[in-house]
Structure formats: C-alpha cells, structure tokens
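Here's the letter readout for the chains.
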Amino acid sequence: MPSLVGSEMCIRDSIKITSYIMFQNIKNQSVICSSNFLITKPVFQKNKFDESLKKYGCEDVVFFDSIITRGHSIDYLDNPVIHDAKDDANTFIRKTEEAIENLITLIDEEKIIAKRYGVSKLYNQCKKLRLQNAIVLLFKLCRKGLIKNFNSSNPSIRLYDFYRLGYYALQKETNDA
C-alpha cells in the first residue's frame, strides 16, 4: 500500500498556543492534521474530505480516519510547517467552538470514535464520575474570565484545555436536553 506523509506545527500568536504534532507510528498518535501531507492520487480519490461539515474543524479527522480504516499506513516526515494564523484570541475561540461542535456531530453520527479524541475521552470519564454537571456549571461561571485570560499577554494553556472541556460538556448538555 502507498504510504502517506505528514506533519504540522501550529503557532497561534494571539494566545501563544503552540502544538507540535509528531508521530512515528500512527497507533500511538490520536490526531493527524492536514496542513502538510503528501498523498497519492488514487488514495485521495477514494478518501474525500467530508463536505457535509459546514463549520470550521474536524474535516481532516474524518479524512485521515477513512484512510487508516482502509488500511493505508501513515509515516512521519520531520518537515514541520509553521501555520502563523493572524487570528485574534476571540476568532481562535470561535473556531475552537465550531470544531468541538463538529466533533460532537461526528461522534453522534458514528463517523468517528469518541475515545480517540482527548476532549471527548475526558468528558466521558467525567460523565462516568457524574461530574459533567459540575463542569458545565463551573464553565458557565468562568467563561468570561477564561476569555479575558485568552486575550491577555499571558494566556494559560491549562485554562484553554478547561475551556474546551467545558464547552464540550455544555454542548452535550444542550444536545441531550
């Protein structure tokens, strides 16, 4: 089977979030991004991006899951790409929310598996402990303060992680109501 190559480095200057996704073995990597990859034409023709997703985010998740499901290997090439988005913090948060909404939709439609993605996996663990309502309440109380932090000169990646979990839990509560 033809192998695929990919890597990504995202830099979000507005809230100084840097994530460098490196993978050598796809079984150890939960998410692959589509900012820099090579693919053969026949594989691409059989694995299209999901055009039903109208909001920002997760179309590459479905795309790479499809490729992996069909048995193609994905190899790492140490050739990072810098994605220097000029998004301000509020735009970045809006995109984060859209990506989470897409993620929930894809999980609900069984197009992807929840346990493969950090925020959904953590939410499910919290739900087993019956903490989801506390997370939603805390998120609602802290949301404005979190956004203020993201717009500051010293934003917290830990608070961003909580924002993602809180927004996920809020959307699940809203969808399940």
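Scroll up to find the structure this text is about.
Residues numbered from 1 in each chain as written. Predicted model: local features only at pLDDT ≥ 70, side-chain atom pairs only at ≥ 80, totals over all residues. Heavy atoms only, no water.

The next subject is the side chain of Asn 47. With respect to the helices and strands, the residue Asn 47 is situated in the loop between helix 1 (41-46) and helix 2 (59-69). In this structure the side chain of Asn 47 is engaged in a polar contact, spanning 2.5 Å, whose partner is the side chain of Arg 70. The contacts of Asn 47, once residues within four sequence positions are left out, are Phe 63, Ser 66, Ile 67 and Arg 70. (Helix = DSSP H or I, 4+ residues; strand = E, 2+ residues; numbered from the N terminus. Polar contact = N/O pair within 3.5 Å; in protein donor to acceptor, adjacent residues only side chain to side chain. Contact = heavy atoms within 4.5 Å.)

Here helix 3 (residues 89-108) spans 28 Å end to end across 20 residues, near enough to the 28 Å set by a 1.5 Å rise per residue. The element helix 3 is extensively covered by neighbouring structure, given that 15 of its 20 residues are classed as buried. Following helix 3 by one or two positions, Glu 110 has its phi on the positive side, about 55°. (Expected span 1.5 Å × (residues − 1). Buried < 20%, exposed > 50% of the residue type's maximum accessible area, 1.4 Å probe, protein only.)

Running from amino to carboxyl end, helix 4 (residues 118-128) crosses helix 6 (residues 157-176) at an angle of 65°, the nearest separation of the two axes being 10 Å. Relative to helix 6, the element helix 4 lies roughly perpendicular. The two elements helix 4 and helix 6 cross, and the hand of that crossing is right-handed. On the side of helix 4, the interface is formed by Val 119, Ser 120, Leu 122, Tyr 123, Cys 126 and Lys 127, while helix 6 contributes Arg 164, Leu 165, Tyr 168, Ala 169, Lys 172 and Asp 176. For the contact of helix 4 with helix 6, a count of residues per class yields seven nonpolar, one polar and four charged. (Axes fitted to C-alpha atoms, helices over the stretch in contact; angles between N-to-C directions. Parallel < 35°, antiparallel > 145°, perpendicular 65-115°, else oblique. Left-handed = near helix turned anticlockwise from the far one by under 90°. Nonpolar A, V, L, I, M, F, W, Y, C, P; charged D, E, K, R; others polar.)

Right, let's get into the environment of Ile 147. Relative to the assigned elements, Ile 147 resides in helix 5 (residues 132-150). Considering only alpha carbons, one finds Ile 147 and Asn 90, 57 residues apart in sequence, at a separation of 7.5 Å. When near neighbours in sequence (up to four residues on either side) are disregarded, Ile 147 contacts Asn 90 and Tyr 163.

Keep in mind these numbers describe shape, not what the thing actually does.
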